[in-house]
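Summary of the model geometry
Single-letter residue listing:
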Amino acid sequence: MTLTPGPQSLAITHLIVIRHGETAWNRERRLQGQLDIPLNDTGVAQARALAASLAAEPIDAVYSSDLSRAMQTAAPLGDALGLTVQPDVRLRERSYGNLEGMTYAEVAQRCPEDFALWQARVPDYAPLGGETLRNFHERAVEGVLALVRRHPGERIALVAHGGVLDCLYREATGMTLEAPREHELLNASVNRLRSDSYRLILAQWADVSHLASLTLDEVDRRVP
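Residues numbered from 1 in each chain as written. Predicted model: local features only at pLDDT ≥ 70, side-chain atom pairs only at ≥ 80, totals over all residues. Heavy atoms only, no water.

**Overview of the overall build of the protein chain**
- On a plain count of helices and strands, the protein chain comes out with eight helices and six strands.
- The C-alpha radius of gyration computed for the protein chain amounts to 18 Å, which stays within 12% of the reference 17 Å derived for 224 residues, consistent with globular compactness.
- Each of the three principal axes of the protein chain carries a C-alpha extent, and together these read 55 × 50 × 30 Å.
- Split into buried and exposed, the 224 residues of the protein chain put 48% on the buried side.
- Long-range contacts, defined here as pairs at least 24 residues apart, represent 70% of the contacts in the protein chain between residues at least 6 apart.
- Approximately 10700 Å² of the protein chain is accessible, and the part contributed by carbon and sulfur atoms is 51%.
- Of the charged side chains in the protein chain, 23 are positive and 29 negative, and the gap between their average positions amounts to 1 Å. (Helix = DSSP H or I, 4+ residues; strand = E, 2+ residues; numbered from the N terminus. Rg over C-alpha atoms; globule rule 2.2 N^0.38 Å. Buried < 20%, exposed > 50% of the residue type's maximum accessible area, 1.4 Å probe, protein only. Contact = heavy atoms within 4.5 Å. Areas by Shrake-Rupley, 256 points an atom, 1.4 Å probe, with all protein chains shown as cover. Lys, Arg positive; Asp, Glu negative; His and termini not counted. Charge placed at Lys NZ, Arg CZ, Asp CG, Glu CD.)

Spelled out as structure tokens, the structure:
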């Protein structure tokens, strides 16, 4: 979607969009959707590393999905910056309705028609009790642009979910909803966009350099 530029559209807002840290269900390839799943130990460590890497940036506000895995990721960043994390339901993951809680393999086995439509990225398909891809995309993008208009010319951090990041990437690059995804949606990744309040512009994607130290084993961590 593209909004018509108005008189307040000249100031460029910088967006730091972050996917939440790892959860146990991420490792299990289990559909979380809007179920409130917390971070695992790795996710907690990722959130701390993320906060340390962004602590010196001139960030004016921090927003987060209200789901706990996102709020837990945002909390150390808010503390490092001296800012209160502001929850926003528009940053929630897509609702997958009756499919939530299943692994990808279980969806394929128990609900093969749903699995085929989901994997084909059919824009107007919705799982029972869930959202269509089209409605989810509109909700995520419009929600982010509303926050941009609240902070013209500022720098804001948004902690959200893989699906939300995917929506923003597609909006910024003109990629269709149906196109297969080739871009990465990494836990605790830093993704940067710019906006003049009516469109999104991609600046940097899938930066996880701040997590490098977490992959070192105990031998690598030792000081000679």
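Next comes the rest of the account.
**Quick notes on the packing of aromatic side chains**
- Here the structure, examined in full by the defined rule, presents four aromatic pairs.
- Ring centres of Tyr96 and Trp118 lie 5.9 Å apart, and the angle between their planes is 65°; on these two criteria the pair is classed as edge-to-face. Note that Tyr96 is positioned in the loop between strand E3 (85–87) and helix H4 (104–110) and Trp118 in helix H5 (residues 112–119), a separation of 22 residues in sequence.
- On the numbers, 5.0 Å between centres and 80° between planes, the contact of Tyr104 with Trp118 is edge-to-face. With Tyr104 in helix H4 and Trp118 in helix H5, this residue pair connects regions lying 14 residues apart in the sequence.
- Taking relative accessible area as the criterion, Trp118 reaches 12% and is therefore assigned buried.
- These aromatic residues form a ring-pair network of at least three members: Tyr96, Tyr104, Phe115 and Trp118.
- When the ring centre of Trp25 is taken as origin, the NZ or CZ atom of Arg30, which lies over that ring, is 5.7 Å away. (Phe/Tyr/Trp six-rings, centres within 6.5 Å; stacked < 30°, edge-to-face > 60°. Lys NZ or Arg CZ within 6 Å of the ring centre and 35° of its normal.)

**Focus: the sheet that holds strand E5 (residues 190–195)**
- The mixed open sheet is built from six strands, whose spatial order is E3-E2-E4-E1-E5-E6. Both edges of this open sheet fall to E3 and strand E6 (200–207), since each of them pairs with a single strand only. Here the average twist between neighbouring strands, direction ignored, is 25°.
- Where helix H6 (residues 133–150) meets the sheet, its contacts fall on strand E1 (13–19), strand E2 (61–64), E3, strand E4 (155–160), E5 and E6, and the angle it forms with E4 comes to roughly 155°. (Pairing = 2+ DSSP bridges. Axes fitted to C-alpha atoms, helices over the stretch in contact; angles between N-to-C directions.)

None of the figures reported here should be taken as evidence of function without further support.
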